[in-house]
Structure formats: structure tokens, C-alpha cells
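# Structural characterization, general
Below, each chain spelled out in residue letters.
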Amino acid sequence: MSLVENATISEAASALDLSDLVHYSGHSYSAPDDPYHSALVLADGNLDVAQIELMRHSAKLVTLSSCESGLVQSPLAEDEFISLGTALIGDHGGASVSSQWRVYDVASFAFFTKFYKSLLGRKELGPEEVYRSIAESQEWLASAPLMDVRQTVSMDTGDSLELPVWMQSLPDESQPFSHIRNWGAYFMTMS
């Protein structure tokens, strides 16, 4: 698994070529007028769909914890499905997990924490396992009480995300991410 904080374009390209599993957490944007310009925002510039499609990459799974990374809006043709998520599946039978809309940092962090616990606990890294891990994580996030979310985002691994002020005053039993906008954005694309 490759996870590079503040990755550069060359580090991202290397991770895509050398790792089976690549996770990106950061900013991205969709360019509806020209989806080839939809891009991941990296430390030294943007990595857009056009550049990704020219890269050699062999990752079996690429996960994008970023806004609109799977949003497909193409005026180019009715049957064209172009997004960051589709560009990253490559032609090698890989898959990607991306989002259809803007995602909230804490909800996304909690979602992917559960997703990886589920996925890495399975024997294989195939499409069925990815799909089941997405579904389990979405179901959990939709019903998770705040105390579970708090525990998940405050792991003892050193990676933690401070809860925003508005969440700190909620009762422990509240379900802050029950609305679909918080858990429904993520989906899998595969070749």
C-alpha cells in the first residue's frame, strides 16, 4: 500500500506504477466542461485525467478520499464516462473508489478507516471484497453514534482528525452522519 503525505506528481506516478493499493486523501475537482482536466491537487501541481491516462500504472485498487473524484459529467459524448475514478482503473483490470460529490473531511476519514479495516481483514482484494467493504462502511457511517465516530477518528495510531466544534457539543448517542450526503458519495468503478 502506498500512502504519501503531500505527494508530488512524480511520487503519485511512482505509487500508481509500483503499488497494488494506492490511497489519495486531499483535494480534487471535477471539470464538467472538459473532464480530461478534472484533477487531483498535489503538492507541486495538478494531476489531471489527461496526464493520468498517459501514465503507466498497475495498481489493483486506487481509493480517492477527495471531492467529486468520480463525478461523471461529459458533454463530449453520451456514452463517455470520464472522471478521475475511471482514469485510475487503467487497462489492467483494476478498480477505483471515488466520490460523486463534495465530501466532508470527518465523515470521509471515518468512512475510509472502516473501509480499510474491512478490506484488509479479507483474504483477497477483488471487486467483491471492495464492494462489500464499501457497503459495510456506508451502513456503519449511516448509523454510527457520535461516540463510535469519535473513537474511529481518534485512533491510537497517531493519525487522528479533530472533531469540528459543532460536533463536540452533540450527545454521544447522536448520529451526525446519518444523511446520505455523508456516506453515499463513495462507489467503485472497475474495468
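First things first, this report covers the structure right here in the doc. A quick note: this is a predicted structure, and the numbers were derived from the prediction, not measured.

Here two bridges tie strand E2 (residues 28-29) to strand E3 (residues 39-42), and the two strands are oriented antiparallel to one another. Following the sheet pairing, Ser-28 is matched in E3 by Leu-40. Across four bridges, the pairing between E3 and strand E4 (residues 45-48) is antiparallel. Considered in E4, the bridge of Leu-40 is made with Leu-47. Between E3 and E4, which pair antiparallel and follow one another directly, the connecting turn spans two residues.

Bringing the sheet that holds E4 into the picture now. If you walk across this open sheet you meet the three strands as E2-E3-E4, and the pairing is antiparallel. A single partner strand is all that each edge strand has here, and the edge strands are E2 and E4. Across the face of the sheet, helix H1 (residues 9-18) comes into contact with E3 and E4 while running at roughly 35° to E4.

Reading across the sheet, the four strands line up as E1-E5-E6-E7 and stay open at both edges, with mixed pairing between neighbours. The open sheet is flanked by strand E1 (21-25) and strand E7 (186-190), the only strands paired with a single partner. The mean angle between the axes of side-by-side strands here comes to 15°, regardless of whether they run parallel or antiparallel. Of the pairings in the sheet, the one linking strand E6 (residues 95-99) to E7 comprises five bridges and is antiparallel in character. Pairing of Ser-98 across the sheet is with Phe-187, part of E7. Sheet contacts for helix H5 (residues 127-143): strand E5 (61-65), E6 and E7; angle to E7, the most-contacted strand, approximately 170°.

Cut-off values and rules
Just so you know, the residues in each chain are numbered from 1, in the order the chain's sequence is written. Only residues with pLDDT of 70 or above have their local features reported here, since the model is predicted, and side-chain atom pairs are shown and tallied only from 80 upward, although totals for entire chains, interfaces and linings are computed over all residues. Hydrogens and water are ignored here; the side-chain numbers use all heavy atoms of the structure. Any two strands between which DSSP finds at least two bridges are classified as paired. For helices the rule is a DSSP run of H or I covering at least 4 residues; for strands it is a run of E covering at least 2, with both sets numbered from the N terminus onward. Whether two residues touch is decided by their heavy atoms; if any such pair falls within 4.5 Å, the residues are in contact. Here the axes come from fitting lines to C-alpha atoms, over the contacting stretch only for helices, and the angles between their N-to-C directions go from 0 to 180 degrees.

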